[in-house]
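One-letter residues, chain by chain:
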Amino acid sequence: MKPADSGATREPLGTRILRALLTQRVVLLAVLIVVVVAVLMIMDANDYLTAPYDPDYMASSLINAVPLAILGLAELVVILSGRGGIDLSVGAIVSLAGMVFGFAYGEWNWPFWLALVVTVVVGGVLGAVNGFLVSYIGFPALITTLATYYAYKSLAVVINNQEPISTEPIQNLFSITRSVELPVIGHDIPNFPLGIFTFLLPTVVVIWLLLARTTYGRRLFAIGTNDVAAQWSGIAVRDTRFKAYTISGLLSGLVAVVTVAQFASARPDAGVTGNGMALPAITIAVLGGVAITGGIGRVSGVVLATLLIVWLNAGILLAFEGNEGSQFQLLALGAVLVFAALLNGLTNRRYGGTR
């Protein structure tokens, strides 16, 4: 009997590529980033944009990636916890914690490091309130975080009589958002926003280590996949989920400091103006391959999804005159969210999820 021809059972190349694109979200996002950047550069070369879309412009636009990526990681941690985990209050926490930072650093003249620590702790406390209501009281995450969104937003507005805090120390913080030249190779590449190195990269590393190299990370994936089985395995499900919302609050507090520096002002509406920060963060998490049912998600997917959204939005601004581009950014954000949701559903049905 002849052995079966291994080539006869091998999947066609096109099928293997499709499988890789659908199941490896990092691969798909990398391809989409290349396509988006290539299309926008071609449009620039043919004078379809109002300003050059070049590496300098792309590097400077990364200043918007710092808060979006950190909040995307906050949503990643919460959604991983399962049971419909979501945090709609992150933008309101940014606003309220930012006002606390404004008082501490701008009005009371506390040292920057102390004001930063206090702000992050305040964010963690606000996130812990969400975690307590969801994990120990049993309220649905959607309703809980929507309610606290309104509560925190209101507190941010009334805490200083609807006035921003723009004292000289706060205004001088804008310097930490400037673009800097990298050592050794900096003269050959564009300057990058300082916040990428001082806020975003450390946060990415810490969250990756937390999820991939700690027992807490394994417990979080377990309860997101099946919290009943996790409980029978001896995992403290409620405590693990509670900590996920607390971590989300801590990250939101960190974003509050970043936002105050970017605006050179502690604004009571910083995280909720327009469509707020929560919806883009959720979009980035879902686009990055985080399963809304919990238990599936990667830090690298969130980072690449942030790059895609930031560079796409940057290109849209150049494609239209005046303020029209900002409206089309919202259209693109909605389209991306629908695309990500459909893609997640297709991948789950056909291949059992992304990796």
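Let me sum up the structure you'll find in this document. For clarity, every value in this text was computed on a predicted model and none was experimentally measured.

Rules of the game
Residues numbered from 1 in each chain as written. Predicted model: local features only at pLDDT ≥ 70, side-chain atom pairs only at ≥ 80, totals over all residues. Heavy atoms only, no water. Patch = residues over 30% accessible without salt bridge, like charges linked within 9 Å, V, L, I, M, F, W, Y side chains within 5 Å. Areas by Shrake-Rupley, 256 points an atom, 1.4 Å probe, with all protein chains shown as cover. Salt bridge = Lys/Arg side-chain N within 4 Å of Asp/Glu carboxyl O. Helix = DSSP H or I, 4+ residues; strand = E, 2+ residues; numbered from the N terminus. Buried < 20%, exposed > 50% of the residue type's maximum accessible area, 1.4 Å probe, protein only. Axes fitted to C-alpha atoms, helices over the stretch in contact; angles between N-to-C directions. Parallel < 35°, antiparallel > 145°, perpendicular 65-115°, else oblique. Left-handed = near helix turned anticlockwise from the far one by under 90°. Contact = heavy atoms within 4.5 Å. Nonpolar A, V, L, I, M, F, W, Y, C, P; charged D, E, K, R; others polar. Phe/Tyr/Trp six-rings, centres within 6.5 Å; stacked < 30°, edge-to-face > 60°. Lys NZ or Arg CZ within 6 Å of the ring centre and 35° of its normal.

## Topic: a nonpolar patch on the surface
On the surface, a nonpolar cluster with roughly 460 Å² of combined accessible area is contributed by Trp-113, Val-117, Val-121, Val-125 and Val-129. Turning to its location among the elements, Trp-113 is positioned in helix α7 (residues 112-137). For Trp-113, a relative accessible area of 57% corresponds to the exposed category.

## Description of the packing of helix α6 (residues 90-107) against helix α8 (residues 141-158)
When two helices pack together, you describe them by how their axes are tilted relative to each other and by the distance separating the axes. Remark: α6 packs on α8, axes separated minimally by 8 Å, with the N-to-C direction vectors making an angle of 30 degrees. When the interaxial angle is binned, α6 and α8 end up roughly parallel. Every pair of crossing elements has a handedness; the one defined by α6 and α8 is left-handed. Seen from α6, the contacting residues are Ala-92, Ile-93, Ser-95, Leu-96 and Met-99; seen from α8, they are Tyr-149, Tyr-152, Lys-153, Leu-155 and Ala-156. Here the contact of α6 with α8 is composed, by residue class, of eight nonpolar, one polar and one charged.

## Brief notes about the packing of aromatic side chains
Pairs of aromatic rings are described using the distance from one ring centre to the other and the angle between the two planes. One pass over the structure, following the stated rule, counts 10 aromatic pairs. Both rings, one in Phe-103 and one in Trp-108, keep their centres 5.7 Å apart while their planes meet at 25 degrees; by these two values the pair is stacked. Three or more aromatic residues joined by ring pairs make a cluster, and in this case those are Phe-101, Tyr-105 and Phe-112. It is Arg-267 that lies over the ring of Phe-263; its NZ or CZ is 4.4 Å from the centre.

Honestly, it's all geometry; don't read function into it.
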